[in-house]
Amino acid sequence: TVSKISKCPVIADLRPEDEPYSKVFTTNPANFFEQLRQQENLCQITMEGNFPVWLITKFDDAQQVLKDPRFTKVPADARDRTSPTYDPENEAPIYRMTEENMLSRDAPEHSRLRSLVQSAFAPRYIQGFRARIQQVADELLDKIQAKGTGQMDFVEEYAYPLPIVVLAELLGLPHHDREKLRIWSEVMMELRITDSNRQALEDASIGLRNYLKEVFVLRREQPGDDLVTALLEARNGTDKLSEEELYAMVFLLIVAGHETTAHLLGNSMYTLLANPDQLAMLRNDPALIVPAVDEMLRHSGPVLTSTMRRASTDIVWGGVTMKEGDGVLVVLSSANMDATKFTDPQVFDIKREYNKHIAFGFGAHFCIGASLARLEAEIAIAAMLQRFPDLQFDPAVDVLEWRNNMLIRGLRKLPLVF
Ligand code: HEM
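Residues numbered from 1 in each chain as written. Predicted model: local features only at pLDDT ≥ 70, side-chain atom pairs only at ≥ 80, totals over all residues. Heavy atoms only, no water.

## Observations concerning the pattern of salt bridges
Item 1. Using the criterion set out here, one finds 13 salt bridges in the structure.
Item 2. The salt bridge partner of R112 is E245, with a shortest N-O separation of 2.7 Å. With R112 in helix 6 (residues 109-118) and E245 in helix 14 (residues 243-274), this pair connects stretches of sequence that are 133 residues apart.
Item 3. Taking relative accessible area as the criterion, R112 reaches 26% and is therefore assigned partly exposed.
Item 4. Its salt-bridge partner being D142, residue R387 comes within 2.8 Å of it at the nearest N-O pair. One end of the pair, R387, is in helix 18 (residues 370-387); the other, D142, is in helix 8 (residues 130-146), and 245 residues separate them in sequence.
Item 5. Given the relative accessible area of 23%, R387 is considered partly exposed. (Salt bridge = Lys/Arg side-chain N within 4 Å of Asp/Glu carboxyl O. Helix = DSSP H or I, 4+ residues; strand = E, 2+ residues; numbered from the N terminus. Buried < 20%, exposed > 50% of the residue type's maximum accessible area, 1.4 Å probe, protein only.)

In structure tokens:
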């Protein structure tokens, strides 16, 4: 939660009804970020706990920050038990599961952890999932059709279940409890721990941990051709993945791979229906699905901002001086709307010529699951359009509700008729 906004002239104009600040991020972020991109100086916000954070909204700045090693994931003194900012709670399993993973680490630990799973995400290997993803999509569509109502909630019945089945198979998670994975990952995506969500977060992390513990026992007894088995072997090998890192790795893959992909599907379907000319073009030429998914990522990508970086030293940037320890948040969805990079950025154009967006991030932490996410979206959207030639927004529903989350942009429900 953002408690205070400072050093940011545009935000001074915000009307009271735009508060809390996170709503501006989530409900209609486009105008807001456009104003920030016009500003010379960077804007600073204050996160809960009095923690100043700089917002990076322009494309060139975004790329530069994401590849600049002075911006790190771990503040220099975070692990120093003698430091005044050291928090012993950081040693609790719930925190460690969210911290001891590659996304929360800098080189060299980051490179070591990433290299352990890199090959499982190589595009050529991922292509091997094509037939299975198609099958999962077809089964979900059969179920929707079999209801005989001519209605569906695209998010609930299609976008959410598809990536969780794919992830479960990639990782080698047994069938039972897959539904719970969705609940756990949704809770844990809230990321920031407050008094009101602490209990839910702890329950989710304990539930997930116990589940993973069982999975590890099972895969030790019955190794499979899957990522968990490979990671268990790495745990015993020279790469020395610690037990805590093992939990953290699988946790990260589930959380990073589920809601992101689900909301890419939801946002894509929404954007296509809201742009009937583009939808018609895609229906006429299904091969356009590949550039169309790229445009969906740029225009309506599910990840609003990068995860937090910290300035490891004082840094002069964009007319301001960032102090050592300040937070830096790269607003990826804003960078992807930067008119200095993309022609008519607000226009959804599936035949866009130049489209080198950063919806999957940039630099060392570039999304490892990008090929998988693209493949899932290409197959899932194409299958949906093919099955239902007359797909439309449900006319009985006037208002679509967006999730109120600073990291993820996505619809809670997308009721459609066919
Ligand atoms: C990192 C976006 C799907 C696994 C990232 C980052 C972004 C991103 C922006 C960088 C975050 C940062 O630098 O702070 C997306 C989007 C997806 C998607 C938009 C779907 C549309 C997936 C999938 C998986 C995955 C399917 C795995 C199954 C990861 C991992 C990282 C990551 C492990 C951390 C990489 C590292 O730290 O080196 N993703 N992601 N993502 N993503 Fe994805």
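## Some remarks on the confidence of the model for the protein chain
Any residue range with low pLDDT should be treated as having predicted coordinates unsuitable for detailed reading.
Item 1. Summary statistics for the protein chain give a mean pLDDT of 85 and a share of 84% for residues scoring 70 or more.
Item 2. Note that pLDDT drops below 50 for residues 12-22; the model gives that stretch 13 contacts with residues more than four away or on any other chain. (pLDDT = per-residue confidence, 0-100. Contact = heavy atoms within 4.5 Å.)

## Quick look at the side chain of S333
Item 1. By the element assignment, S333 lies in helix 17 (residues 332-335).
Item 2. Of the residues examined, S333 reaches a relative accessible area of 9% and is grouped as buried.
Item 3. Every residue in contact with S333, bar those within four places of it in the chain, is listed here: V303, L304 and R409.

## With respect to the coordination of the iron atom of the ligand
Item 1. With respect to protein ligation, the iron atom of the ligand binds only C367 (SG), at 2.3 Å.
Item 2. Note that C367 resides in the loop between helix 17 and helix 18. (Donors = N, O, S within 2.8 Å, 3.2 Å for Na, K, Ca; no water.)

## Section: the environment of H263
Item 1. Along the polypeptide, H263 turns up in helix 14.
Item 2. You can call H263 buried: its relative accessible area is 2%.
Item 3. Separated by 145 residues in sequence, H263 and I408 have C-alpha atoms that sit 8.0 Å apart.
Item 4. If we skip the residues at most four places from it in the chain, H263 touches Y160, P302, R403, I408, R409, G410 and L411.

## Some thoughts on the site of the ligand
Item 1. Taken together, 28 residues are adjacent to the ligand, and H110, T307, R309, H365 and C367 come closest.
Item 2. Within the backbone of L103, a nitrogen or oxygen atom sits 3.5 Å from an oxygen atom of the ligand.
Item 3. The separation between an oxygen atom of the ligand and a polar side-chain atom of R114 is 2.7 Å.
Item 4. At the level of elements, helix 6 and helix 14 are the ones that each hand at least two residues to the shell around the ligand.
Item 5. It is helix 14 that provides the largest number of residues to the shell around the ligand, a total of seven residues.
Item 6. Of the residues in the shell around the ligand, the class split is 17 nonpolar, nine polar and two charged. (Near = heavy atom within 4 Å. Polar contact = N/O pair within 3.5 Å; in protein donor to acceptor, adjacent residues only side chain to side chain. Nonpolar A, V, L, I, M, F, W, Y, C, P; charged D, E, K, R; others polar.)

## Focus: the side chain of E259
Item 1. When you line up the elements, E259 lands in helix 14.
Item 2. A residue is classified by how much of its surface remains accessible, and E259, at 0% relative accessible area, is buried.
Item 3. Side chain to side chain, E259 and Y160 meet in a polar contact 2.9 Å long.
Item 4. Ignoring sequence-local partners within four residues, the contact set of E259 consists of Y160, S185, E186, M189 and R403.

## Some points on the packing of aromatic side chains
Item 1. Under the definition given, this model contains eleven aromatic pairs.
Item 2. Ring centres of F59 and F342 lie 5.7 Å apart, and the angle between their planes is 80°; this geometry places the pair in the edge-to-face category. Linking F59 in helix 4 (residues 59-67) with F342 in the loop between helix 17 and helix 18, this pair joins segments that are 283 residues apart in sequence.
Item 3. Judged by its relative accessible area of 1%, F59 is buried.
Item 4. Ring pairs connect the aromatic residues F59, F342 and Y354, which therefore count as one cluster.
Item 5. Above the plane of the ring of Y247 lies R209, whose end atom (NZ or CZ) is 4.1 Å from the centre.
Item 6. Residue placement shows R298 over the ring face of F342; its charged tip is 5.4 Å from the ring centre. (Phe/Tyr/Trp six-rings, centres within 6.5 Å; stacked < 30°, edge-to-face > 60°. Lys NZ or Arg CZ within 6 Å of the ring centre and 35° of its normal.)

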